[in-house]
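Survey of secondary and tertiary structure
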Amino acid sequence: MSVFLSCCVGAEGTDRFVTPTGAGTLSGSDWANAYSNLQEAVNASGTGDTLYLRYGDYVRSNAVVITGKANMRIVGAMAGTAPEPGPPTTQPTVLTRNPAFATRLVQVSASTPTLERVVISGGFLNTAEEIGAGIRATAGSAVTLTNCTLQNNRIQHTGWMEEGAGLYCAGGRLRID
């Protein structure tokens, strides 16, 4: 008689690395080969992945779109040194808007991301019925913000629905730690 034992262990996600200017092969595998584009890192990520962001300004011409990503972590204010992930720093990671564009900074849909130590600054929307210039979370999302700052996000329009300049969450959950 033989006995078969099976144990299921939750799969750990992949660590990915991003700097404002990128490095090496831009594969995101470590700081020496960091992505230069946060959206590319998000798109390449799967369940449970962690994106480490080196301190600095990440200037956006359009929103970082997070769709269908379960348990993703985006961790800012990293020193960007090996061994990975390396230590945090007191210098901020800032997602900010290119002043030539009117755009929200983060759009979350059907996802459960956690943002840690990230500054969301300068989102700007200027068309009717716009909501959530900094972060907009919809469609069953559960967003957690840990030690994040939302600042100087605004909506400038005289239409009937301009709400949540810094943060707008509809059809989902929000947790602020």
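Residues numbered from 1 in each chain as written. Predicted model: local features only at pLDDT ≥ 70, side-chain atom pairs only at ≥ 80, totals over all residues. Heavy atoms only, no water.

**Brief notes about the sheet that holds strand β16 (residues 173-176)**
Note the following rule: A pair of strands counts as paired when DSSP detects no fewer than two bridges linking them. Note on conventions: DSSP H or I runs of at least 4 residues are helices, E runs of at least 2 residues are strands, and numbering of each starts at the N terminus. The angle between two axes is taken between their N-to-C directions and runs from 0 to 180 degrees, where each axis is a line fitted to C-alpha atoms and a helix contributes only its stretch in contact.
Read across the open sheet, the six strands follow the order β1-β2-β5-β8-β12-β16; overall the sheet is parallel. Of all strands in the sheet, those bounded by a partner on one side alone are β1 (15-18) and β16. Averaged over neighbouring strand pairs, the angle between their axes works out to 15 degrees when direction is ignored. Bridge count for β1 against strand β2 (residues 50-54) is four bridges, and the pairing is parallel. Residue pairing across strands places F17 opposite Y52, the latter belonging to β2.

**Considerations on the pairing of strand β5 (residues 73-78)**
Where we set the bar: Think of it in three bands: residues with accessible area under 20% of the maximum for their type are buried, residues over 50% are exposed, and the middle band is partly exposed, with areas taken using a 1.4 Å probe on protein chains only.
By the criterion of burial, β5 is predominantly enclosed, with five of the six residues buried. Alignment of β2 against β5, held across four bridges, turns out to be parallel. Paired with R54 across the bridge in β5 is M78. By the bridge criterion, three bridges tie β5 to strand β8 (residues 114-116) in an arrangement that is parallel. The partner of I74 across the bridge, within β8, is L115.

**Focus on the side chain of N153**
Convention followed: For the purposes of these results, a polar contact is taken to be a pair of N or O atoms within 3.5 Å, where, inside protein, one atom must be able to donate a hydrogen and its partner to accept one; residues adjacent in sequence count only when each atom of the pair is a side-chain atom. Any two residues whose heavy atoms approach within 4.5 Å at even a single point are treated as in contact.
Note that N153 resides in the loop between β13 (149-151) and β14 (154-155). A distance of 3.3 Å separates a polar side-chain atom of N153 from the backbone nitrogen of G122. Within the structure, the side chain of N153 is placed 2.6 Å from the backbone nitrogen of G123, a separation counted as a polar contact. The residues touching N153, leaving out its near neighbours within four places in the chain, are L105, I120, S121, G122, G123, A133, G134, A165 and G166.

**As for the nonpolar core**
A general feature of soluble globular proteins is that nonpolar side chains tend to end up buried together. Rule in force here: To define a nonpolar core, start from buried Ala, Val, Leu, Ile, Met, Phe, Trp, Tyr and Cys residues and group those joined through side-chain atoms within 4.5 Å.
In terms of nonpolar packing, the biggest core is built from 23 residues, with L38, I66, I74, V106 and I120 touching the most fellow members. The set of elements that each furnish at least two residues to this core consists of α1 (38-44), β2, β4 (64-67), β7 (106-109), β9 (118-121), β11 (135-138) and β12 (142-146). Broken down by element, this core gets its largest block of residues, three residues, from α1. Contact partners of V106, with chain neighbours within four places excluded, come to A63, V64, I66, L95, I120, G134, I135 and R136. In this structure, W31, A34, V75 and M78 belong to the second largest nonpolar core, which totals six residues.

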